[in-house]
Every structure is written in C-alpha cells, then in structure tokens.
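One-letter residues, chain by chain:
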Amino acid sequence: MDRRLLALLSGVLLGTVSESSLAPALPVLERAFAVGPEAAQGVVSLGLLGAALAYLPLAGLAGRVGAGRLFRTGLFLHALSALLLALAPSLLALYLLRLLQGVATAMVVGLVPGLAASAFPEARGYALGMVASTVAAGTLLGPALGGLAAGWGLPYVFLLPLPAALLALLLSGNLPELPRQEGTLPGLLRAPGFLPALLAISLALTTGCSGKSKAARYSTSNIGSNCYAKALPTAGEGGLAWGNTLSMARKKSMDNCMRYAGRSGGTPNTCQVVLSEC
C-alpha cells in the first residue's frame, strides 16, 4: 500500500477510535473523578463540539498554510492531547483537553477526503473507498478497544489513538496540496443564516450524545427520599439509588450496580459504593 494512503488511513483511524472508545470507559471515568454520568458524558461531548466548530475554519486555513502541513500539525496536537489526557488531574482539565483534541481531530479527519482524492487522481474511487472502510472499521473497533483498555485503567483509554498518530506522522511527509477553491471562508461565514445553522448543528450533536446518558439505568429515585448513593463496578454499568435513610440508599445502589453490571457484561462482584449523601 502507498505510504501516503496509509498515513491518511491512520489519521482516519485515529479520529474514529479516539471518539468511539470513550463510551465503554465512562463508568471508570465516573469512579475516577467521583462525578455523575452527565458530567462524564461531557468529556465525549466536548470533543465532538470542538471538531464540529473547527471543520469549516480549518478548511479555509488549509488553503493558506497548506493541507499537508495542517494535517501533520493536527496529528501532533492529537498525540500531545492524548498524552496530556492520560495525565489529566481533574475533570476540568479533561474538558479543556478534549476540546483541543476535537479541534485536532478536525484538522486530521476533515482533510483526509480531499488529500486522498488529490494524491490519487487516477484511483480516486479506490482511495475514497478505503477511507470510508476505515471509518467503519474504526467505529467498530473503538468500543471494543475502549472496553479492553478501561480494564487496565482510564489513562490507557486516552492513549489508544497514540500509535495511529505516530504512524501517520512518520508516513505523511510527502502529501500533496489541495487545489485552490473558489470563494472565501469569510464570505461563507457572512452568508445569511449560516452561523445560526452551524451553531444549531453543533448543539444537536453534543446534546444528542448527552441525551444518551445512563439516566434510565439510574432512574430509581423515590419522591420524598432524602438520601442517595452511587455504586460502581470495576467494569460495566453502575447504579444510583435513593432511600429514606443512608443505609437504604447504599443497599439499593449496590443492588442496582450488581444488576446493571451483569447486564452490561461487567464485573458485578466488584461493585462498591463510591458516593453517599443525605
């Protein structure tokens, strides 16, 4: 396989795996930072938001600084953010780094189709077909790799895209430039209704993902209950429960944790109460 195509496919794999591998690790993230499912889901959503907001401005920037250079810069930033995410000391640091990683993902994945078509004008269909196949493969591999890495620890989940980033950096030294396009980015941004539409799409993407939180698994609250507790396993879904007393809430959360951890293929025998308050 041509090293330029391998570099582009590695960039695609980097982007898809870094996003799709996080979902199985959310219970581990909740336990590591003692937060609820909504706060943990924000780590996923901010990466998507950063990418959604960066795609169009970066496409315009590629025409000025060069698509190949911007692609390699994105690879470097993505690798750097993966290393920093593995060392992040707080949830706020995770949020900021995931936003940066989303921008880096846009710098890489957003340029791949154009670079593939420009690098292989005589085999454009083959190159774009390989790109599409890699998107599907990365989306399928990500959750499996994320679940496996989460068993070793949360930092390993963030490090999953690092090998693909390093491989793409190594092979991307001879990428072509994209042909100049008509029109300008400022002209597009000034088009009536464009910015509201872009903002609406970004919000739809992020809130849509946030809406898939585990609220259904934790919907065991009772009206009038004053205490709540959350129990989490080493791997799998946890449980949140309310009760009239602290001991009742703790018992219910453990029962829910063992039930949901078993259903999600986790380890119910490792359930522990990590938060309890009245």
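The structure under discussion appears in the preceding block.
A brief look at the structure comes next. The residue numbers shown here count from 1 along each chain, following its written sequence. Restriction of local features to residues with pLDDT of at least 70 applies here, the model being predicted, together with a cutoff of 80 or more for giving and counting side-chain atom pairs; totals for whole chains, interfaces and linings are based on all residues. Heavy atoms throughout the structure, all of them, feed into the side-chain values; hydrogens and water do not.

**Quick notes on the overall build of the protein chain**
The secondary structure content of the protein chain amounts to 12 helices and 3 strands. Burial analysis of the protein chain (278 residues in total) assigns 44% to the buried set. The long-range fraction of contacts in the protein chain, counting pairs at least 24 apart against all pairs at least 6 apart in sequence, stands at 70%. Using a 1.4 Å probe, accessible areas were evaluated by the Shrake-Rupley method; residue-level cover was limited to the displayed protein chains. A total accessible area of about 13500 Å² is found for the protein chain, and carbon and sulfur atoms account for 66% of it. Helix and strand definitions here come from DSSP, where helices need a minimum of 4 consecutive H or I residues and strands a minimum of 2 consecutive E residues; each element is numbered from the N-terminal end. Note on exposure labels: buried denotes an accessible area under 20% of the residue type's maximum, exposed denotes more than 50%, and partly exposed covers the range between, all computed with a 1.4 Å probe on protein chains only. Any two residues whose heavy atoms approach within 4.5 Å are treated as being in contact.

**Topic: the packing of helix α4 (residues 67–86) against helix α5 (residues 91–109)**
Lines fitted to C-alpha atoms define the axes here, with helix axes fitted over just the stretch in contact, and angles between the N-to-C directions of these axes take values from 0 to 180 degrees. Where α4 contacts α5, the axes come no closer than 8 Å and their chain directions differ by 155 degrees. Between α4 and α5, the interaxial angle falls into the category roughly antiparallel. Handedness of the α4/α5 crossing: left-handed. In this structure, α4 contributes L70, F71, T73, G74, L75, L77, H78, S81, A82, L84 and L85 to the contact, and α5 contributes L94, L97, R98, L100, Q101, A104, T105, M107 and V108. The residue inventory of the contact of α4 with α5, partitioned by class, reads 13 nonpolar, 6 polar and 1 charged. For classification purposes, angles smaller than 35 degrees are called roughly parallel, those larger than 145 roughly antiparallel, those between 65 and 115 roughly perpendicular, and all remaining angles oblique. Each helix crossing is assigned a hand: it is left-handed if the near helix lies turned anticlockwise from the far helix by less than a right angle, otherwise right-handed if that turn is clockwise. When residues are grouped by polarity, Ala, Val, Leu, Ile, Met, Phe, Trp, Tyr, Cys and Pro land in nonpolar, Asp, Glu, Lys and Arg in charged, and all others, Gly among them, in polar.

**What to know about the packing of aromatic side chains**
Here the aromatic set is Phe, Tyr and Trp, taking the six-membered ring for Trp, and pairing holds for ring centres within 6.5 Å; pairs whose planes are under 30 degrees apart are stacked, those over 60 apart are edge-to-face, and all others are tilted. All told, the structure shown has 2 aromatic pairs when counted by the stated rule. Ring geometry for W152 against Y156: centres 6.1 Å apart, planes inclined by 85 degrees, an arrangement best described as edge-to-face. Of the residues examined, W152 reaches a relative accessible area of 59% and is grouped as exposed. Judged by centre distance (6.4 Å) and plane angle (40 degrees), the ring pair of Y228 and W242 falls under tilted. Placement of the pair is Y228 in strand β1 (residues 227–232) and W242 in strand β2 (residues 239–243), with a sequence separation of 14 residues. You can call W242 partly exposed: its relative accessible area is 23%. Geometry around F120 places R4 over its ring, the cationic atom sitting 4.9 Å from the centre. Two conditions define a charge located above a ring, namely a distance within 6 Å from the ring centre to NZ of Lys or CZ of Arg, and an angle within 35 degrees of the ring normal.

**Topic: the sheet that holds strand β3 (residues 272–277)**
With antiparallel pairing, 3 strands are arranged side by side in an open sheet as β2-β1-β3. On the outer flanks of this sheet lie β2 and β3, each paired with one strand and no other. Pairwise comparison of adjacent strand axes, ignoring direction, gives a mean angle of 20 degrees for this sheet. Two strands pair when backbone bridges link them, and β1 and β3 are joined in this way by 5 bridges, in the antiparallel orientation. Its bridge partner lying in β3, L232 is registered against Q272. Here helix α12 (residues 246–263) sits on the sheet in contact with β1, β2 and β3, set at roughly 155 degrees to β2. Paired strands, as defined in this entry, are two strands with at least two bridges between them according to DSSP.

**A short note on helix α6 (residues 112–119)**
The set of residues buried in α6 consists of V112, L115, A116, A117 and A119. Looking at the buried residues of α6, the elements they touch are α1 (3–20), α4, α5 and α7 (124–152).

**Let's talk about the side chain of Q101**
Tracing the backbone shows Q101 in helix α5. Under the relative-accessibility criterion, Q101 is labelled buried at 2%. Setting aside chain neighbours within four positions, we find Q101 in contact with H78, S81, A82 and L85.

These results come straight from atomic positions and should not be treated as a statement about function.
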